[in-house]
Amino acid sequence: IPVEIAAYAIENRLKITIGYIFHIHDITRRKFKENLIAKTKTEFEALFQNSSMGIMVVDKDNCIFRINKQFETITGYSEKDVMARPSSNFFPLFEDKSIREIDTIHNRVLSRGKIIHNELEITNKEDKPIWLYVNIKAINPNYLEQGLIWVFDDITEQKSLEKFKDNIEHMMRHDLKTPLQAIVS
């Protein structure tokens with residue numbers, strides 16, 4: 001049984017120790033909770049680092065303070081490259097709106113516990129454009145100052161296929177119109 005022991009010396013008037021009082025307290029529950037917290041922390045760390053999605057955690061000032069391995073894989077930026085820098089340096093959300101307007105809109109959504117979903121084109125460390133599908137959620141919707149979690153996936157290939165499909169459709173419409181125009185003329 002795990003216990004916590006506190007000993008107190010008993011002294012007489014001459015300041016000579018004449019005995020001790022021991023207080024023994026069973027800390028089984030506390031140790032169980034500490035072990036549970038440590039186990040949970042280890043599990044969450046494994047999930048965070050081994051996720052197939054890029055994950056970034058930002059503080060109340062929107063500065064990056066944590067990323068996972070997949071973040072590095074997708075963007076090419078290391079922890080050293082992004083640590084304590086504003087997320088807007090790497091993830092411009094809406095270039096046509098002011099930062100204050102974006103913050104107001106986002107804070108309304110995030111403070112209700114909702115998730116912001118967005119497709120975003122960024123430039124990776126090698127200056128190549130990549131597309132991301134981004135989900136942003138408050139760590140604690142009641143206290144936005146605790147920060148935000150960004151989870152994202154690389155959808156560059158999907159966007160390329162969509163563009164290819166659109167080009168084919170455009171060419172088909174054009175090819176179908178061309179013979180018809182000759183008949184009408």
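Everything quoted here is computed from the prediction, not taken from an experiment.

Visitor: An account of the overall build of the protein is needed here, citing residue identities and associated values.
Guide: Along the backbone of the protein there are five helices and seven strands. Counting from the amino terminus, helix and strand elements in the protein follow one another as β-β-α-β-β-α-α-α-β-β-β-α. Out of the 185 residues belonging to the protein, those deemed buried represent 24%. In the protein, the share of contacts with a sequence separation of at least 24, taken over all contacts with a separation of at least 6, comes to 36%. A total of about 13800 Å² of accessible surface is found on the protein, and carbon and sulfur atoms cover 57% of it.

Visitor: I'd love a proper account of a nonpolar patch on the surface, names of residues and values included.
Guide: Residues Ile 1, Val 3, Ile 5, Tyr 20, Phe 22 and Ile 24 make up a contiguous nonpolar surface patch of roughly 720 Å² in combined accessible area. Only strand 1 (3-11) and strand 2 (17-26) provide two or more residues apiece to the nonpolar patch. Position of Ile 1 relative to the elements: it lies in the segment before strand 1. With relative accessibility at 83%, the residue Ile 1 sits in the exposed group.

Visitor: Give a detailed account of the packing of aromatic side chains, specifying residues and quantitative values.
Guide: For the coordinates displayed, the defined rule picks out three aromatic pairs. Here the aromatic rings of Tyr 20 and Phe 22 are separated by 6.2 Å at their centres, their planes lie at 35°, and the arrangement is tilted. Side by side, Tyr 20 and Phe 22 carry an identical accessibility label, which is exposed. Relative to Phe 152, the ring of Phe 71 has its centre 5.7 Å away and its plane inclined at 70°; by these criteria the two rings are edge-to-face. Of this pair, Phe 71 sits in helix 2 (residues 69-75) while Phe 152 is found in strand 7 (residues 148-154), placing the two residues 81 residues apart along the sequence. One exposure class covers both Phe 71 and Phe 152, and it is buried. The ring of Trp 131 has Lys 159 lying over it, and the distance from NZ or CZ to the ring centre is 4.6 Å.

Visitor: Go over the sheet that holds strand 4 (residues 64-67), please, and point to the residues and values.
Guide: The antiparallel open sheet is built from five strands, whose spatial order is 4-3-7-6-5. On the outer flanks of this sheet lie strand 4 and strand 5 (116-123), each paired with one strand and no other. Within the sheet, the average angular offset between the axes of one strand and its neighbour, ignoring direction, is 30°. Looking at chain direction, strand 3 (residues 54-58) and strand 7 are connected through five bridges and run antiparallel.

Calculation notes
- Residues numbered from 1 in each chain as written.
- Predicted model: local features only at pLDDT ≥ 70, side-chain atom pairs only at ≥ 80, totals over all residues.
- Heavy atoms only, no water.
- Helix = DSSP H or I, 4+ residues; strand = E, 2+ residues; numbered from the N terminus.
- Buried < 20%, exposed > 50% of the residue type's maximum accessible area, 1.4 Å probe, protein only.
- Contact = heavy atoms within 4.5 Å.
- Areas by Shrake-Rupley, 256 points an atom, 1.4 Å probe, with all protein chains shown as cover.
- Patch = residues over 30% accessible without salt bridge, like charges linked within 9 Å, V, L, I, M, F, W, Y side chains within 5 Å.
- Salt bridge = Lys/Arg side-chain N within 4 Å of Asp/Glu carboxyl O.
- Phe/Tyr/Trp six-rings, centres within 6.5 Å; stacked < 30°, edge-to-face > 60°.
- Lys NZ or Arg CZ within 6 Å of the ring centre and 35° of its normal.
- Pairing = 2+ DSSP bridges.
- Axes fitted to C-alpha atoms, helices over the stretch in contact; angles between N-to-C directions.

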